[in-house]
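Each chain, written out:
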Amino acid sequence: MNPMRRRLATSLPALGVLVLSARHGGLLAQTTPAAMEAVAPPLPTVGTTLTLPEVALFDGTVFKPEQARGHMTLIYWWASTCPFCALQSPEMQKLWQTQQARGLRMLALSVDKKPEDALAYLKKKGYSFPSGWVTPAVHKVLPKPRGLPITLMLGRDGQVVQAERGQMFPEDVAQLASWL
């Protein structure tokens, strides 16, 4: 992604947090960087090996870590209330539809407060990419980095080959197929 576009896309959520913070008595100012770091880990760096959890998917199936072994695997954290996810998710659906036959594995993880909200959203939008809800057990094995959406591409060996925080534009999502 163009660096200027990336800075703009990733700074807009922070601006919203600052506005909300100012409206709600400066709550952000009361949160120390150490406390924020304890809540969510940083974005994994390229080369980091991730352990994937077993995840019950909304379609009634189960994502098992062994399904990812030997395959390029896309991990995508999203929420039905995230405006940037709303712009990126249709592109993720296109990527899933066009690349699953080429061996792409995908695990989308909803961070909605209730799984029912995520399921209703997926049905309303007609998304079929493999998606589950982040339970405490899932979060313990694979904690979500700060921000939304979060997109990670894992190599066939389970190591991160690309990590993105914030909205990816359509051409950037389409370019993820080049890893296959």
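Scroll up a little and you will see the structure.
Okay, so let's go over this structure. (Residues numbered from 1 in each chain as written. Predicted model: local features only at pLDDT ≥ 70, side-chain atom pairs only at ≥ 80, totals over all residues. Heavy atoms only, no water.)

**As for the packing of aromatic side chains**
Next, step 1: A complete count under the given rule lists 4 aromatic pairs for this structure.
Next, step 2: Ring centres of Tyr76 and Phe129 lie 6.2 Å apart, and the angle between their planes is 80 degrees; this geometry places the pair in the edge-to-face category. Of this pair, Tyr76 sits in strand 3 (residues 73-78) while Phe129 sits in the loop between helix 4 (115-125) and strand 5 (131-133), placing them 53 residues apart in sequence. Considered together, Tyr76 and Phe129 belong to a single accessibility category, that of buried residues.
Next, step 3: Connected via pairs of aromatic rings, a cluster forms that spans Tyr76, Trp78, Tyr121, Tyr127 and Phe129. (Phe/Tyr/Trp six-rings, centres within 6.5 Å; stacked < 30°, edge-to-face > 60°. Helix = DSSP H or I, 4+ residues; strand = E, 2+ residues; numbered from the N terminus. Buried < 20%, exposed > 50% of the residue type's maximum accessible area, 1.4 Å probe, protein only.)

**Details of the environment of Cys82**
Next, step 1: Topologically, Cys82 is positioned in the loop between strand 3 and helix 3 (83-99).
Next, step 2: On a C-alpha basis, the gap between Cys82 and Leu148 in space is 7.3 Å, while along the polypeptide they are 66 residues apart.
Next, step 3: Apart from residues lying up to four places away in sequence, Cys82 is in contact with Leu148 and Pro149. (Contact = heavy atoms within 4.5 Å.)

**A short note on the side chain of Gln93**
Next, step 1: Mapping Gln93 onto the fold places it in helix 3.
Next, step 2: Looking at Gln93, the relative accessible area reads 6%, which means it is buried.
Next, step 3: Dropping the residues within four chain positions of it, Gln93 is found in contact with Gly126, Tyr127, Ser128 and Phe129.

**A short note on the nonpolar core**
Next, step 1: The biggest cluster of nonpolar side chains holds 24 residues, and the ones touching the most others in it are Leu74, Tyr76, Trp78, Met106 and Phe129.
Next, step 2: When neighbours within four sequence positions are excluded, Met106 is seen to be in contact with Phe63, Leu74, Tyr76, Met92, Trp96, Phe129 and Pro130.
Next, step 3: Phe63, Ile75, Leu109 and Val138 belong to the second-largest nonpolar core, a separate cluster that totals 19 residues. (Core = buried A, V, L, I, M, F, W, Y, C linked by side-chain atoms within 4.5 Å.)

**Focus: the pairing of strand 7 (residues 160-165)**
Next, step 1: Of the strand pairs in this sheet, strand 6 (residues 150-154) and strand 7 are connected by 5 bridges, and their pairing is antiparallel. Across the sheet, Ile150 pairs through a bridge with Arg165, a residue of strand 7.
Next, step 2: Here strand 6 folds back onto strand 7, and the loop between the two strands holds 5 residues, one of which, Gly158, carries a positive phi near 85 degrees. (Pairing = 2+ DSSP bridges.)

**A word on helix 3**
Next, step 1: Between its first and last C-alpha atoms helix 3 spans 25 Å; for 17 residues at 1.5 Å apiece the expected length is 24 Å, and the two agree.
Next, step 2: Of all the bends in helix 3, the greatest, near 30 degrees, is centred on Ser89, and the proline Pro90 appears no more than four residues after it.
Next, step 3: Among all positions of helix 3, only Phe84, Cys85, Gln88, Ser89, Glu91, Met92, Gln93, Leu95, Trp96 and Gln99 are buried. (Expected span 1.5 Å × (residues − 1). Bend = angle between axes of the 7 residues up to and from the residue.)

**Brief notes about the sheet that holds strand 4 (residues 105-110)**
Next, step 1: Judged by pairing direction, the sheet is mixed, and its 5 strands sit side by side in the order 5-4-3-6-7 without closing on themselves. The outermost strands of the open sheet, each flanked by one partner alone, are strand 5 and strand 7. Across the sheet, the axes of successive neighbouring strands diverge by a mean angle of 15 degrees, strand direction being ignored.
Next, step 2: Strands strand 3, strand 4 and strand 5 of the sheet are contacted by helix 4, whose axis makes an angle of about 115 degrees with strand 3. (Axes fitted to C-alpha atoms, helices over the stretch in contact; angles between N-to-C directions.)

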